Amino acid sequence: MSTGSGPAGDNNDRLSAFWSLFYISAALVITFLYYRNLGLWRLFEHARRWLEWVRVMLGV
Amino acid sequence: MLWFLLGTLALLTGSWLMVARMAMKKTLDRWLAIGVLTMAGEVLILLLAGQALRHLNRGVVLLLALGWTGLGLLVRNRQGSRAGKIFSFESGATGDIGEPGSAEIFSSSLIAATGVILAFSLAALVLGWIYLPPFAWDEIWYHLTPVAAWFKQGAITRLPEALLWQHYDPTRVTSKKLALDLSVAFNWANVYPLNAELNALWIMVLTGNDLLVDATQFPYVVIGALATFGLSRSGGAGRNASILAAMLFLLTPMVLIHLRVAYVDAAFGSMVAAALYLFLRWQEERNLEYALILGLAIGLMMGIKSTGIAFAGVFVLAILASCLWQYRQGVSSKSALWLQAAVILLALMATGTFWYLRTWWFYGNPVYPVEIQGLGWKLPGMGSVSRLFMTANTPEAYRGRNIILNILTSWLELGNESYNYYSRTRGLGPAWAALALPAVLPFTFSAWRRRRAPVLWMVGLTLIFLILQPAAWWPRYVLYVVPVGLAAMAWVYDRLDPRLKTAVASILILNLVVATGLTLVETLDKLPAAMRLDPARRTFGELYFSDYAWVDQLPPSRIGYTPMAWIYPLYGGLRNQVELVDGTSAASWREAIINQGLDFVVTNTQYGDYDRWARSLPDLLTPYRKGEMINVYRVRPGRGQQ
């Protein structure tokens, strides 16, 4: 067992098809749940605040 | 500000000179060592000035900072420089941040896009530091209050509430009210470890004001970002993916939010990550320099938050296990290992034990008021962590529910809270939840198959920390999982098919834009209003809670307060003298007001008889302001100190 903490020189190996599928599926599902819950929509709710920021920055 | 810059520069220079003498192999390690030594120097200087010398003022602190520079010079000249150039960009093939080809970093559009989001976020934060006053619940309750008191007294002392409530009887209140009452009674400041708050003290002492105190956690978080890069490299990720991981650590919603408030959670998570990375590096290098920096980092972490004492115990056990393994493998001699273990322990004690010893001395238990019990052995306290802290703070939906389900709900961002400094059910961000958390499985699985010790150590120790961590579902309590998750994400990203990389990069940028946008708008919501105000009106009373607006109109005054929660805003940007005024009856209280020469007295109408007494003393006190939570009385002129 190596105790080395540097890069192990396995930078060129690819993630297997199984783990790739698992990873991208999980990422999509979790992202979907986030936006279904609130996420992006809540940002739109804050549009008025963003506008206020822009106005202050522009000094108008 | 000039004194602050001078003092900080002296501290940094001293640390830089010391590191120049050390045999640190990687550029990253040298930067990290400078960061750890700087924060260790700050803690030691302030404890020396405030506790040992009892002369906590600009001159003494600056002198001690110059002494730190002198020490650095002495260390460096003792045997000459042994390390490479700290600012060299020509280090060899170790793949650290200093290797040639830095320009190619910017060829990566993902890194460039993330960099733009990060630069915008940091710029907004800097505006927040400058334009907004300290406002968050806990910082004006117990993080900044003792620091302001020490600044005014010129010494590190216990707050008077501690003396007043030393023999407080918890049975006279309900368990629901207990958390609130304990906060009032002990102001936490007298029993909590306060290493991170010392950075606020450094700012106050050297600038003479509190303009930048909300940036208290910033230096620790920079160390955390460096550690994230290091963990990512140790995990086997490439340089660009590791730079991305470091940036994503800074863009974690709860880290961004906490960079704006003088809390300690981001600093704590950062130092756990730093200790973890340095532990891996120490195992690899096995020399005294790494042992010293590792010990200091563990000590700093332990001195930031009480959970740190348990984590430090885990690190010490891991270090001993590693020593044993190294000895059995014949990698190191017994005497060399003993020496390194001793250096780690001594360094840890220098930066981490002061607050625990202080609490032990005064309360008979280093982690008071948490009761410690086991094997027929008991240290006095007021109850378990669960009873004292978690009962009142657990969201209704989380009570009695499986801990794993609570963790998943919160870490996967399925809560409905806004991104704020207190958020209990979200805060790690959709980028981390969607791309870092799922990466931990293939990352660990591959490491297990290949017997890759660094990954197994970082994942294994983090799991142990989570088992020991109360309320592990609360994102700000577990920010140390973020760097490990990002190290996994960086490793996976490097090994993805190029088409999947594009998909992942798209998800990442979308999630970053949304989460960062929400975080900034929700935590800096008062910024536009503050930027329109004159500097004198950018205050807590004007922007957040009008009960305190009267403080802004005062010339420097002496303000007496009775037991209450939010004492810090009374300091009015450190212009006022603020002190407890107490008595056991109206007559003794009246005498105290006169003897202390106060200009104003503040009462909390819900606490004790003080407000009733105030109204019964019209010859001494006249009503000045009536607020929602506090009432203010002016002491009649000529009735002050006699």
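Residues take numbers from 1 onward in each chain, read along the sequence in its written order. Each chain is given a letter, starting from A, and each ligand a number, starting from 1, according to the order in which they appear as written. With the structure being a predicted model, the display of local features is reserved for residues of pLDDT at least 70 and the display and counting of side-chain atom pairs for 80 or more, all residues being used for whole-chain, interface and lining totals.

**Q** Tell me about the overall build of chain A, residues and numbers included.
**A** Secondary structure elements follow DSSP: runs of H or I of four or more residues count as helices, runs of E of two or more count as strands, with numbering from the N terminus. If you tally the helices and strands in chain A, you get three helices and zero strands. Each helix (α) and strand (β) of chain A, taken in turn from the N terminus, gives the series α-α-α. Any residue surrounded by 20 or more other C-beta atoms within 10 Å of its C-beta is treated as buried, while 12 or fewer makes it exposed and the intermediate range makes it partly exposed; C-beta atoms here are placed from the backbone. Residues counted as buried form 15% of the 60 residues belonging to chain A.

**Q** Please set out the interface of chain A and chain B residue by residue, giving values where relevant.
**A** Facing the 35 residues of chain A at the interface are 43 residues of chain B. When residues in the side of chain A that touches chain B are grouped by element, the largest group, 11 residues, is from helix α1 (residues 17–37) of chain A. Looking at the side of chain A that touches chain B residue by residue, the class counts come to 18 nonpolar, 11 polar and six charged. Any residue pair is listed as a contact if its two C-beta atoms, each placed from the backbone, are within 7 Å. When residue character is reported, Ala, Val, Leu, Ile, Met, Phe, Trp, Tyr, Cys and Pro are called nonpolar, Asp, Glu, Lys and Arg charged, and the others, Gly included, polar.

**Q** Please set out the confidence of the model for chain B residue by residue, giving values where relevant.
**A** Residues and elements named next belong to chain B. pLDDT runs from 0 to 100 and stands for how confident the predictor is about each residue. On average, residues of chain B score 90 in pLDDT, and 91% of them are at 70 or above. Counting interchain partners and residues more than four positions distant, the pLDDT-below-50 stretch residues 86–107 has 32 contacts. For this predicted complex, the interface confidence score (ipTM) comes to 0.88, while the overall pTM stands at 0.92.

**Q** Now, about the UniProt feature "transmembrane region" (unreviewed entry) in chain A: what can you tell me, with residues and values included?
**A** Listed under "transmembrane region" (unreviewed entry) in the UniProt record, and renumbered for this structure, are residues 17–35 of chain A. For residues 17–35 of chain A, the helix share is 100%, the strand share is 0%, and the end-to-end C-alpha distance is 27 Å. UniProt positions are given in the numbering used here, feature names are shortened, and annotations may be inferred rather than shown by experiment.

**Q** Tell me about the UniProt feature "domain: Glycosyltransferase RgtA/B/C/D-like" (unreviewed entry) in chain B, and please be specific about residues and values.
**A** Feature annotation in UniProt assigns "domain: Glycosyltransferase RgtA/B/C/D-like" (unreviewed entry) to the following positions: residues 217–355 of chain B. Counting secondary structure, residues 217–355 of chain B comes out at 82% helix and 0% strand; the distance between its end C-alpha atoms is 18 Å.

**Q** Give me the packing of helix α10 (residues 218–234) of chain B against helix α11 (residues 239–250) of chain B: which residues, what numbers.
**A** Residue and element names in this part refer to chain B. An axis is simply a line fitted to the C-alpha atoms; with a helix, the fit covers only the stretch in contact. Between two such axes, the angle follows the N-to-C directions and lies from 0 to 180 degrees. Two numbers describe how α10 lies on α11: the axes approach to 8 Å, and their chain directions differ by 145°. Note that α10 runs across α11; the crossing there is right-handed. Between α10 and α11, the residues in contact are Val 221, Gly 224, Ala 225, Leu 226, Thr 228, Phe 229, Ser 232 and Arg 233 and Ala 241, Ser 242, Ile 243, Ala 245, Ala 246, Phe 249 and Leu 250, respectively. Considering only residue class, the contact of α10 with α11 consists of 10 nonpolar, four polar and one charged. Here a crossing is called left-handed whenever its near helix is offset anticlockwise from the far helix by less than a right angle, and right-handed whenever the offset is clockwise.

**Q** Describe the domain arrangement of chain B, naming the residues involved and giving the relevant values.
**A** Residues and elements named next belong to chain B. If you check the domain split of chain B, you get domain 1 (1–87), domain 2 (105–133 + 189–528) and domain 3 (533–642). The source of the domain bounds is an automatic or database domain assignment. Look at where the C-alpha atoms of domain 1 and domain 2 centre, and you get two points 24 Å apart. At the interface, 27 residues of domain 1 touch 30 residues of domain 2. Residue assignment for the side of domain 1 that touches domain 2 shows that the elements contributing at least two residues are α1 (2–21), α2 (27–52) and α3 (58–79). The greatest single-element share of the side of domain 1 that touches domain 2, amounting to 15 residues, is contributed by α2.

**Q** Pulling in residues and values, what's your account of helix α19 (residues 403–411) of chain B?
**A** All names here are of chain B. Within α19 the residues assigned to the buried category are Asn 406, Ser 410 and Trp 411. End-on view of α19: buried residues confined to an arc of 115°, all on one side of the axis. Facing away from the buried surface of α19 by more than 90 degrees, the exposed residues are Ile 404 and Leu 405. Turning to α19, the residues buried within the fold contact α20 (430–436). The directions from the helix axis to the C-beta atoms are what the arc is built from.

**Q** Before we move on, could you go through the nonpolar core and cite the residues and values that matter?
**A** All names here are of chain B. Here, a nonpolar core denotes buried Ala, Val, Leu, Ile, Met, Phe, Trp, Tyr and Cys residues that are linked to one another through C-beta atoms within 7 Å. In terms of nonpolar packing, the biggest core is built from 212 residues, with Val 36, Ala 245, Met 271, Ala 275, Ala 297 and Met 301 touching the most fellow members. Non-local contacts of Met 271, meaning those with residues more than four positions away in its chain, are made with Tyr 220, Ile 223, Ala 297, Leu 300, Met 301 and Ile 304. Among the nonpolar cores identified, the runner-up in size contains seven residues, and Val 191, Tyr 363, Tyr 368 and Met 382 belong to it.

**Q** Please give an account of helix α23 (residues 481–494) of chain B that cites residues and values.
**A** The end-to-end C-alpha separation of α23(B) is 20 Å, in line with the 20 Å expected for 14 residues at 1.5 Å each. Summarising burial for α23(B): 14 of the 14 residues are buried, a large majority. A helix is expected to span 1.5 Å multiplied by its residue count minus one.

**Q** Would you mind going over unusual backbone geometry in detail, with residue names and values included?
**A** All names here are of chain B. Backbone torsion omega between Tyr 368 and Pro 369 reads 10°, so that peptide bond is classified as cis. Of note, Pro 369 is situated in the loop between α17 (354–363) and β1 (372–374). At Leu 574, a residue that is not glycine, the phi angle is positive and equals roughly 70°. With respect to the secondary-structure elements, Leu 574 resides in the loop between β3 (558–561) and β4 (577–580).

**Q** I'd love a proper account of the packing of helix α14 (residues 288–302) of chain B against helix α15 (residues 307–328) of chain B, names of residues and values included.
**A** Residue and element names in this part refer to chain B. Packing of α14 against α15 leaves a shortest axis separation of 8 Å and a crossing angle of 155°. Taken together, the axes of α14 and α15 lie roughly antiparallel to each other. Where α14 abuts α15, its residues Ile 298, Met 301 and Met 302 lie against Gly 308, Ile 309, Phe 311, Ala 312 and Phe 315. For the contact of α14 with α15, the per-class residue count stands at seven nonpolar, one polar and no charged. Any angle that is under 35 degrees is reported as roughly parallel, and any over 145 degrees as roughly antiparallel; angles of 65 to 115 degrees are reported as roughly perpendicular and all others as oblique.

**Q** Run through the sheet that holds strand β5 (residues 600–604) of chain B, naming residues and quoting values.
**A** Residue and element names in this part refer to chain B. Taking strand neighbours across the sheet as the criterion, the five strands line up as β4-β3-β5-β7-β6 in an open arrangement whose pairing is mixed. The open sheet terminates on both sides in strands that have one partner only, identified here as β4 and β6 (621–626). Strand after strand, the sheet turns through a mean of 25° between neighbouring axes, direction not considered. Looking at chain direction, β3 and β5 are connected through three bridges and run parallel. By the bridge assignment, Tyr 561 is partnered in β5 with Val 602. Two strands qualify as a pair provided that DSSP identifies no fewer than 2 bridges between them.

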